[in-house]
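Next come the chains, spelled out residue by residue.
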Amino acid sequence: MHAGQIVLLLVAALAAGWVDAVVGGGGLLQLPALLLAGLTPVQGLATNKSAAIFGTASAAVTYARKTKFDRAVAVPAGALAVVFAGVGALSAALLDAAVLKPLVMVVLIGVAAFVTLRPAFGRMPHPHLRTGARVLAAVAAAGVGIAFYDGILGPGTGTFLLIAFTSILGMDFVHASATAKVINTGTNLGALIVFAAQGHVLWALGLGMAVCNIAGAQLGARMALKRGSGFVRIVLLCVVAALVAKLAYDQFIASS
């Protein structure tokens, strides 16, 4: 790997850390950069996790210092996420990701339409929605369903967590993002344990990228906290549009 590729990877890791800290979806930048540098798909997924976990954990700490996250959701869902992301990573070789991609695209398009047509969504909290049943639903959705998805496919995990917490529990975008970072750290850890046990992680490269990922995550978390939910909403719509474009390209162009 030559110097130009290493610089590209470090820049991608910096940008990915920023995006992940605000709304999730940093893998859109980091994973393609790893594949362009010549890594195999499984090496790219594994090494991406080894860098992303540090940035996500760093952002989680920054959010926790500046604002409250929902511990009743974050702690149990984060613990479940480690297990189910690991199960997803183990299943990655058994299931055809092409089957999931069209479904994910439909969901993302629905999310984009919903957020666009309801400009007040996520700007203010709606605590009356937070009932015991909804807390259990949020824990199950985040710690089981979304965590499994992160292990088996991955793009947009943080974005799905953000939408789950705003829609199910009525959180505003900033507090939803703070809570999502805890669970996303768990999903990264679960998948990373499996990939590491299988010998797919390029540790020197991943840890080097982790430094830049942390720097980007710190910047993104601080900007989200300073600028508020309106800023997060704009970034969310941009990331969702990029996710749909990426998945559509993979499904209909790259595979043809």
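Presented here is an overview of the structure given in this document. (Residues numbered from 1 in each chain as written. Predicted model: local features only at pLDDT ≥ 70, side-chain atom pairs only at ≥ 80, totals over all residues. Heavy atoms only, no water.)

1. Focus on the pattern of salt bridges
- Evaluated as defined, the whole model comprises two salt bridges.
- A salt bridge links Asp150 to Lys49; its shortest N-O distance comes to 2.8 Å. Of this pair, Asp150 sits in helix 6 (residues 132-152) while Lys49 sits in helix 3 (residues 41-66), and the two are 101 residues apart along the sequence.
- On the accessibility criterion, Lys49 (8% relative accessible area) is buried.
- Salt-bridge contacts for Arg130 lead to Asp70; the nearest nitrogen and oxygen are separated by 2.8 Å. One end of the pair, Arg130, is in the loop between helix 5 (97-117) and helix 6; the other, Asp70, is in the loop between helix 3 and helix 4 (71-91), with 60 residues separating them in the sequence.
- For Arg130, a relative accessible area of 38% translates into the label partly exposed. (Salt bridge = Lys/Arg side-chain N within 4 Å of Asp/Glu carboxyl O. Helix = DSSP H or I, 4+ residues; strand = E, 2+ residues; numbered from the N terminus. Buried < 20%, exposed > 50% of the residue type's maximum accessible area, 1.4 Å probe, protein only.)

2. Side note on the layout of surface pockets
- The volume enclosed by the largest pocket comes to roughly 790 Å³.
- Along the wall of the largest pocket there are 40 residues; nearest its centre are Leu31, Leu45, Leu153, Gly154 and Pro155.
- Considering every element that reaches the lining of the largest pocket, the biggest residue donor is helix 3, with seven residues.
- Split by residue class, the lining of the largest pocket holds 20 nonpolar, 14 polar and six charged. (1 Å grid on protein atoms, 1.4 Å probe; cavity = no way out; pocket = protein on both sides within 12 Å on 5 of 7 lines; lining within 4 Å. Points joined across faces, edges and corners; volume = space filled by probe spheres on them. Nonpolar A, V, L, I, M, F, W, Y, C, P; charged D, E, K, R; others polar.)

3. Description of the packing of helix 1 (residues 3-22) against helix 9 (residues 203-227)
- For the pair helix 1 and helix 9, interaxial distance at closest approach is 6 Å and the crossing angle is 40°. By the angle between their directions, the pair helix 1 and helix 9 is classed as oblique. The interaxial crossing formed by helix 1 with helix 9 has right-handed handedness. Seen from helix 1, the contacting residues are Leu9, Leu10, Ala13, Leu14, Ala16, Gly17, Trp18, Ala21 and Val22; seen from helix 9, they are Leu205, Gly208, Met209, Cys212, Asn213, Ala215, Gly216, Ala217, Leu219, Gly220, Ala221 and Met223.
- Among the residues making up the contact of helix 1 with helix 9, the classes are represented as 16 nonpolar, five polar and no charged. (Axes fitted to C-alpha atoms, helices over the stretch in contact; angles between N-to-C directions. Parallel < 35°, antiparallel > 145°, perpendicular 65-115°, else oblique. Left-handed = near helix turned anticlockwise from the far one by under 90°. Contact = heavy atoms within 4.5 Å.)

4. What about the nonpolar core?
- One finds Val23, Phe165, Leu169, Ile183, Val232 and Leu236 to be the most contacted residues of the largest nonpolar core, which totals 54 residues.
- Here this core gets nine residues from one element, more than from any other, and that element is helix 10 (residues 229-254).
- Those residues in contact with Val232 that sit more than four places away from it in its chain are Val22, Val23, Leu162, Phe173, Val174 and Ala224.
- Ranked by size, the runner-up nonpolar core spans eleven residues in total, among them Leu9, Ala33, Ala51 and Ala210. (Core = buried A, V, L, I, M, F, W, Y, C linked by side-chain atoms within 4.5 Å.)

5. Observations regarding the packing of helix 7 (residues 157-169) against helix 10
- For the pair helix 7 and helix 10, interaxial distance at closest approach is 11 Å and the crossing angle is 130°. Comparing the axis directions of helix 7 and helix 10 gives the class oblique. Here helix 7 runs over helix 10; the crossing is left-handed. For the pair helix 7 and helix 10, contact is made by Thr159, Leu162 and Ile163 and by Val232, Leu236, Val239, Val240 and Leu243, respectively.
- Grouping the amino acids of the contact of helix 7 with helix 10 by side-chain chemistry returns seven nonpolar, one polar and no charged.

6. Focus: the side chain of Thr56
- Among the secondary structure elements, Thr56 is positioned in helix 3.
- Judged by relative accessible area, which is 2%, Thr56 ranks as buried.
- The contact partners of Thr56, leaving out residues within four places of it in the chain, are Lys181, Asn184, Thr185, Asn188 and Asn213.

7. As for helix 3
- Across its 26 residues, helix 3 extends 37 Å between first and last C-alpha, which sits within 8% of the 38 Å expected from 1.5 Å per residue.
- Maximal helix bending in helix 3 amounts to about 30°, located at Ala52. (Expected span 1.5 Å × (residues − 1). Bend = angle between axes of the 7 residues up to and from the residue.)

8. Notes on helix 1
- End to end, helix 1 covers 29 Å across 20 residues, agreeing with the expected 28 Å (1.5 Å per residue, within 8%).
- Buried residues belonging to helix 1 abut helix 2 (27-36), helix 3, helix 8 (173-197), helix 9 and helix 10.
- Residue Gly24 follows helix 1 closely and has a positive phi angle near 85°.

9. A short note on empty space enclosed by the protein
- Evaluation of the coordinates by the stated rule reveals one cavity of 30 Å³ or more.
- Approximately 50 Å³ is the volume found for the largest cavity.
- Lining the largest cavity, in full, are Leu45, Lys49, Ala92, Asp150, Gly151, Ile152, Leu153 and Phe195.
- Every element with two or more residues in the lining of the largest cavity is listed here: helix 3 and helix 6.
- The element best represented in the lining of the largest cavity is helix 6, accounting for three residues.

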